[in-house]
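Here's the letter readout for the chains.
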Amino acid sequence: MATPTRVAESSPAVEADRAPASKPKEMHGVAKWADERIGIAKIGKFGLRKVFPDHWSFLLGEIALYSFIILLLTGVFLTIWFKPSMAEIEYDGSYQLLKGMPVSEAFASTLDISFDVRGGLLVRQIHHWAALLFVAAATVHMLRVFFTGAFRKPREVNWLIGVGLLSLSLIAGFAGYSLPDDLLSGTGLRFVDGLIRSIPIIGTWAEFFVFGGEYPGSILIPRLYMVHILLVPGILLGLISAHLALVVYHKHTQYPGAGRTENNVVGYPLFPIYMAKAGGFFFIVFGFLVLMGGFFQINPVWLYGPYDPAKVTAGSQPDWYMGWVEGAIRIIPAMEWHIAGTTWTWSVFLPGVGLMGVLFVGLGLWPFIESWITGDKREHHLLDRPRNAPTRTALGVAGMTCYGMFWLSGGNDIIATRFNLDLNAITLFMRVAVFVAPVIAFIITKRIALSLQRADRERVLHGSEDGMIVRSPEGGYSEAHLPVSKEEEFLLTQHLQHKVLEQGHDTDARGVQRKKGGVGRLQARLSRWYLGHDIPKATASEIEAAHNHGAHGEVEGSHGAPELDGDGTGATPHHSADEDAHSGSTAG
Amino acid sequence: MSHDNLPVKDPELGHPVPNPGLEEHVERYTDVDKGAGDRAYRTILMMLGAVPVLAILFVVIYFAVPRDAYIDFGILQANAMNLGFGLTGGLAVLLIGLAVVQWARVIMGDEESVEIRHAASSSEEERAAVLEEFDAGVEQSGVRRRKLLLGAAGGGLGISLVPAVVLFADMGPHPTAAVRAETIERTIWEEGILLVNDVTWEPLRPEALEVGQLVNAQPANLNDFHGAELQVEKAKASIIVVRMDPNSIKIPQSRADWHVGGILAYSKICTHVGCPISLWERQTHHLLCPCHQSTFDLGNSGVVVFGPAARALPQLPIRVNADGYLVAQSDFTVPVGPSFFERDSSQDFQDGDQ
Ligand code: HEM
Ligand code: FES
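Just so we're clear, the structure is a prediction, and the values are computed from it rather than from any experiment.

(A) Representation of the pattern of salt bridges in the model. Residues and elements named next belong to chain B. Scanning the entire structure with this criterion turns up 33 salt bridges over all chains. Its salt-bridge partner being Arg205, residue Glu207 comes within 2.8 Å of it at the nearest N-O pair. You can call Glu207 exposed: its relative accessible area is 54%. With a shortest N-O distance of 2.9 Å, Arg311 and Asp348 are connected by a salt bridge. Taken together, the positions of Arg311 in the loop between strand E11 (303–306) and strand E12 (315–316) and Asp348 in the segment after strand E14 (326–328) put the pair 37 residues apart, joining distant regions of the chain. Each member of the pair, Arg311 as well as Asp348, carries the same accessibility label: buried.

Dropping the structure here:
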């Protein structure tokens, strides 16, 4: 946390605005009592007027946070009645269709909560909707952090905590889904059993340890219960606290704009504005989830029936966040190795365990990979506009596309029956699509980002069209341009364009050896691929020249700006005389 | 104020135009127009005023609405009490939120504040001071002179993890060869066990099965099990029995006497990750797993024709007993369900084997 010396400097601008009180105020009552014991005045002085920037995309993390709190509240309510036991009893509740059936205590108590505890169904449904919202909000929040570059120095650690949070929230959700011991949750567990069994070398042992013997055994649900209500929420709580503490310590990033710099933060003070907005927003999220719980049925386990290892329903689907793993498992071709009397079931292990590993390790490494490629070691508190990091943006969209393709594959049977298509053809198509679609998405996104950069550049140099076509005495037509405002001009030009890293001259064939001032070959290549296509933003002299033209009443044309070549991959940003040797124009 | 620890020293780097500074604050309509301000104020009060009404309604519903009352109104079909709770409770909570956010947006002053940032890092002096204090601590600890202390403490701590890990060895039985043979490698099928319909529990007779028909079946002795044991055995022993025209299917030499006039029995447990397989296409003799769409050809010893499963579906050898009922000749000849590491499944039946 920040050291107290820094606290003293908080929000000078605001404090200066307030009329100085003639006499220092004195603390009384409870505040005084508490201050004498725990020093709340110091805490308040540090935190009360802390400034938070305001933007809708900063609400995404808040939605995740509030869903988590709502999960804790509703979850505690559910534990009052839920019995995590696989022991068989005869169902004797008020749901007539299952009366007298042998079911597990877990299943029976879930029905009791749904039919016999007043408000139980509402809370159960809020809990499930909140779980779906939690993972969704965390995912979209992560995308916001990714596309705006909020993970860059100094926030890499918070990004890593975030990756941990996301993976844990998947585990929490899955464990919860399995607790009611209904037909769907049992099917999900059977899948987990197969997944664990497929782990090379230790698979069978891991399976026997997790299930306490053979599947399904009698101890799994009590164990999952412990994981779901104690272990994972405990770790989540700790990680979320650290996550938020770091947000406070680093201060939130802000979008670029007039008056915003790398060294300040512009926004509203915690007390009262941010507190009211954030606190109010908690109630909005909560109210929304309560309405969802009242109006939209979710996981009606009584319709699925108790778990029966000999039954499965066609079209059974996991909760949405597991859909992509399910899809990968569906489309992978069969693959089994036999080595020295053993079996290695890759077609389950790779898409199941392997793919998740790739995703989370890849996410975790990304901030470090990016700063290695760009050579960027500065602190960043101003967010990137996604177009100004075109390769990152394109990679992000490619990743989302790949995820989406896997996710769609998870519903290949539903697609087949809904649209009357051949199931096997869809599967074959998806096997190709998970590789090809991301590449297409990458290319398209990068193109779009670069054209937006070009449009920004044009706008700075030539202003915006004023919508009036003018005919000149010579007979030519032109549209007059209005110069953009100072604020917009600044917004469109303030971003840093990194230089492509140069390969050291003395590197050997493998590019390992580095000369002072240069980098290895791989790093240089990646850097060129990553940064080399930026449209150089308008320079001060170009803007100056453009303004002068404007002043002489001339319109249209790009006299001031250097011509860009066809695909806009002209020159490397930050051209200077001695850098002309490289011109980053490889393929777009 | 000293701002020597700013995050970046050159915030102007690469700016072709200077930062114009914060835009001027524009007063909101509710600030300049008293009428608008008062209206906003009243709206907020009204929203908050509705909350107690809704809360009381919620409690009334709790005590007054019968638990099984049902609302059937167009697409809205739901338990009345649940719907009432959701509506009153949800709106009450939502209104609190909307009112407070509205208060923050239109009534609280909306002038932006500016705060100075600091580098995440400590200053040079702080670093130096900490390093010095650390050195002093190291000195005081005595490890400089008694060097083994650190290694010994670390080693002790490390070794003490071993018992902690060993404590988990009882999480489940150890799947040694003997244990596997008694668990995942066998089912309760045995010579002479009756095949019973898994809904009616009637023993199956060959005459009762038509060509093209599929029946889900269980071993008759499954009835001896209850609770968790029942689930464990059922998870392995479930079978499907199909009758096909013997002339339209391939029956390998080694399995010539495993069927009864075109009636064949297969494990119902998918060899992919173990879902019970259910979707039967009688024309093609294909059996499709609903979980990940592995497709097995029951007219060809259960070999995989599509999908992620890697092994053929195990076949259960059956015959007719003296009373004319279908019974098993033995247990499955290979383990059912997904493959596992310790067993080489490459010798299992493959397309073309005889
Ligand atoms: C799982 C539950 C999560 C919760 C409850 C949560 C909560 C929050 C909140 C409330 C904020 C401040 C507001 C905002 O920027 O939206 C924040 C910021 C942040 N989060 Fe998360 N988050 C979660 C997951 C993640 C994930 C998955 C990542 C990335 C892998 C991540 C990375 C970050 C970073 C880098 C910041 C600082 C952003 C900035 O200052 O611009 N978080 N988080
Ligand atoms: S379990 Fe049958 S295909 Fe996966």
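That covers the picture; the talk isn't over yet.
(B) Here's a closer look at the layout of surface pockets. Residues and elements named next belong to chain A. Taken as a whole, the largest pocket encloses approximately 1200 Å³ of empty space. As for the largest pocket, its lining consists of 36 residues, and the residues nearest its centre are Leu359, Gly399, Met400, Cys402 and Tyr403. Only helix H7 (120–147), helix H8 (156–178), helix H14 (323–331), helix H15 (346–374), helix H16 (390–409) and helix H18 (423–462) provide two or more residues apiece to the lining of the largest pocket. Ranked by residue count, the leading element in the lining of the largest pocket is H15, at 9 residues.

(C) Just the packing of H18 of chain A against helix H19 (residues 486–493) of chain A, in detail. Residues and elements named next belong to chain A. Contact pair H18 / H19: the axes reach a minimum separation of 10 Å and the direction vectors enclose 145°. Note on packing geometry: the crossing formed by H18 with H19 is left-handed. Residues Asp456, Arg459 and Val460 of H18 lie in contact with H19, whose contacting residues are Glu488, Glu489, Leu492 and Thr493. For the contact of H18 with H19, the per-class residue count stands at 2 nonpolar, 1 polar and 4 charged.

(D) Structural detail: the domain arrangement of chain B. For chain B, the domain assignment lists domain 1 (29–106) and domain 2 (180–328). On a C-alpha basis, the centres of domain 1 of chain B and domain 2 of chain B stand 57 Å from each other.

(E) Representation of the nonpolar core within the structure. One finds Ile70, Phe134, Trp159, Leu236, Val285 and Leu289 of chain A to be the most contacted residues of the largest nonpolar core, which totals 86 residues. Considering every element that reaches this core, the biggest residue donor is H7 of chain A, with 15 residues. Once you skip the residues sitting within four places of it in the chain, Leu289 of chain A turns out to touch Ile70, Ile126, Trp129, Ala130 and Leu133 of chain A. Within the second largest apolar cluster, 21 residues are counted, among which are Leu209, Ile239, Ile263 and Ile318 of chain B.

(F) The arrangement of the interface of chain A and chain B in detail. Listed as interface residues are 121 residues of chain A and, on the opposing side, 111 residues of chain B. Summing both partners gives a buried area of about 9800 Å² for chain A against chain B, and 62% of it is carried by carbon and sulfur. The largest contributions to the chain A side of the interface with chain B come from Arg118, Arg197 and Asn263 of chain A, which together make up 9% of the buried area. Linking chain A with chain B are 5 salt bridges. A salt bridge links Asp308 of chain A to Lys234 of chain B, with the shortest nitrogen-to-oxygen separation between them at 3.1 Å. Our count for the chain A to chain B interface comes out at 42 residue pairs in polar contact (both at pLDDT 80 or more). If one sorts the elements of the side of chain A that touches chain B by residue count, helix H12 (residues 270–295) of chain A sits on top with 16 residues. Looking at the side of chain A that touches chain B residue by residue, the class counts come to 52 nonpolar, 41 polar and 28 charged. Note: strand E4 (residues 264–269) of chain A against strand E3 (residues 113–116) of chain B, 4 bridges, orientation antiparallel. Note on E3 of chain B: the bridge partner recorded for Gly267 of chain A is Ser113 of chain B.

(G) How the structure looks around the sheet that holds E4 of chain A. One open sheet accounts for 3 strands, arranged E1(A)-E4(A)-E3(B); its pairing is antiparallel. At either margin of the open sheet sits one strand with a lone partner, and together these are strand E1 (51–52) of chain A together with E3 of chain B.

(H) Region of the structure containing the coordination of the iron atom of ligand 1. In this structure, His141 of chain A (NE2) and His243 of chain A (NE2) serve as the protein donors to the iron atom of ligand 1, at separations of 2.0 to 2.1 Å. In this structure His243 of chain A comes out as buried when scored by relative accessible area, which is 15%.

Rules behind the numbers
Residues numbered from 1 in each chain as written. Chains lettered and ligands numbered in written order. Predicted model: local features only at pLDDT ≥ 70, side-chain atom pairs only at ≥ 80, totals over all residues. Heavy atoms only, no water. Salt bridge = Lys/Arg side-chain N within 4 Å of Asp/Glu carboxyl O. Buried < 20%, exposed > 50% of the residue type's maximum accessible area, 1.4 Å probe, protein only. Helix = DSSP H or I, 4+ residues; strand = E, 2+ residues; numbered from the N terminus. 1 Å grid on protein atoms, 1.4 Å probe; cavity = no way out; pocket = protein on both sides within 12 Å on 5 of 7 lines; lining within 4 Å. Points joined across faces, edges and corners; volume = space filled by probe spheres on them. Axes fitted to C-alpha atoms, helices over the stretch in contact; angles between N-to-C directions. Left-handed = near helix turned anticlockwise from the far one by under 90°. Contact = heavy atoms within 4.5 Å. Nonpolar A, V, L, I, M, F, W, Y, C, P; charged D, E, K, R; others polar. Domains from an automatic or database assignment. Core = buried A, V, L, I, M, F, W, Y, C linked by side-chain atoms within 4.5 Å. Buried area = accessible area lost by both parts, 1.4 Å probe. Polar contact = N/O pair within 3.5 Å; in protein donor to acceptor, adjacent residues only side chain to side chain. Pairing = 2+ DSSP bridges. Donors = N, O, S within 2.8 Å, 3.2 Å for Na, K, Ca; no water.

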